[in-house]
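# Commentary on secondary and tertiary structure
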Amino acid sequence: MQEYIEFFKAHAMLSLAWVGLFVVLLVSLIKSGTSKVKNINPQELTLLINRQEAKVVDVRTKDEFRKGHIVDAINLTLAEIKNNQLASLEKHKTSPIILVCNTGITSSQAAQLLIKQGFEQVFNLKGGMGDWQAANMPVAKSKR
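Below is a short write-up of the structure. (Residues numbered from 1 in each chain as written. Predicted model: local features only at pLDDT ≥ 70, side-chain atom pairs only at ≥ 80, totals over all residues. Heavy atoms only, no water.)

### So, the overall build of the chain
The secondary structure content of the chain amounts to seven helices and five strands. Each helix and strand of the chain, ordered N terminal to C terminal, gives the series α-α-β-α-β-α-β-α-β-α-β-α. For a compact globule of 144 residues, the expected C-alpha radius of gyration is about 15 Å, and the chain comes in at 20 Å, more than 25% above that figure. In terms of principal-axis extent, the alpha carbons of the chain reach across some 65 × 30 × 30 Å. Every one of the 144 residues in the chain was classed for burial, and the buried ones make up 34%. Partitioning the contacts of the chain with sequence separation of at least 6, the portion at a separation of at least 24 is 66%. (Helix = DSSP H or I, 4+ residues; strand = E, 2+ residues; numbered from the N terminus. Rg over C-alpha atoms; globule rule 2.2 N^0.38 Å. Buried < 20%, exposed > 50% of the residue type's maximum accessible area, 1.4 Å probe, protein only. Contact = heavy atoms within 4.5 Å.)

### So, the pattern of salt bridges
For the structure shown, the criterion picks out five salt bridges. With a shortest N-O distance of 2.6 Å, D63 and R66 are connected by a salt bridge. Residue D63 and its partner R66 are both found in helix α4 (residues 62-67); the two are separated by three residues, about one turn of the helix. (Salt bridge = Lys/Arg side-chain N within 4 Å of Asp/Glu carboxyl O.)

### Examining the packing of helix α1 (residues 2-10) against helix α2 (residues 12-34)
Put simply, α1 and α2 touch, their axes get as near as 5 Å, and they point 105° apart. Taken together, the axes of α1 and α2 lie roughly perpendicular to each other. Residue-level inspection shows F7, F8, K9 and A10 of α1 in contact with α2, the latter providing A12, L14 and S15. (Axes fitted to C-alpha atoms, helices over the stretch in contact; angles between N-to-C directions. Parallel < 35°, antiparallel > 145°, perpendicular 65-115°, else oblique.)

### Some thoughts on the environment of T46
When you line up the elements, T46 lands in helix α3 (residues 42-52). Assessed through its relative accessible area of 22%, T46 is described here as partly exposed. Counting along the chain gives 91 residues from T46 to M137, while the straight-line C-alpha distance between them is 9.4 Å. Excluding its chain neighbours within four sequence positions, the residues that come into contact with T46 are W132 and M137. Here the side chain of T46 touches Q43 through a polar contact of 2.7 Å, landing on its backbone oxygen. (Polar contact = N/O pair within 3.5 Å; in protein donor to acceptor, adjacent residues only side chain to side chain.)

### Focus: the nonpolar core
Core analysis: the biggest nonpolar cluster contains 18 residues, and I81, L89, L99, L114 and V122 have the highest contact counts within it. Elements supplying a minimum of two residues to this core: α5 (78-82), β4 (96-100) and α6 (106-116). The greatest single-element share of this core, amounting to four residues, is contributed by α6. Those residues within four positions of L89 in sequence are excluded, and the remaining contacts are V57, I74, L76, I97, L114 and F119. Listed in part, the 15 residues of the second largest apolar core include I40, L45, A73 and W132. (Core = buried A, V, L, I, M, F, W, Y, C linked by side-chain atoms within 4.5 Å.)

### Some remarks on unusual backbone geometry
One non-glycine residue, E53, lies in positive phi territory at about 50°. Structurally, E53 is set in the loop between α3 and β2 (55-58).

### Considerations on the sheet that holds β2
Read across the open sheet, the five strands follow the order β1-β5-β4-β2-β3; overall the sheet is parallel. The sheet terminates laterally at β1 (38-40) and β3 (74-75), the two strands that pair on one side only. Direction of pairing for β1 relative to strand β5 (residues 121-125): parallel, over a ladder of three bridges. The residue of β5 that forms the bridge with K38 is F123. Helix-sheet contacts for α3 involve β1, β2, β4 and β5, and the interaxial angle to β1 is about 105°. Helix-sheet contacts for α6 involve β4 and β5, and the interaxial angle to β4 is about 150°. (Pairing = 2+ DSSP bridges.)

Here it is as structure tokens:
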């Protein structure tokens, strides 16, 4: 134990950095464990669509959406969700809603916003469109 104390004294900045990283990791794990948003993979997404008629909401920009999106997805940007412009989703408040972005980070934020706005079953595609395409899942392209 004496060796640890000496190390902490000799390397205070390094020790504080490690403690800080540990706290951030711990908080992140607790947040994800208590979150109402469930992260799902591409296979679980297809099961939700086929079995429970889940709605896919793509939160990427209009241009990114046009270049390729999940079939039958609705395009609502994060800004539209923040501004409560959810007319196309209001009738699906009790249905499963799956949010998608490029990496799964922006869609996670959007999912938290939808939970706050009263949506009951909100899911996030872990890894976003990158993981979807890596799994060789179908992608639709918009002409407009």
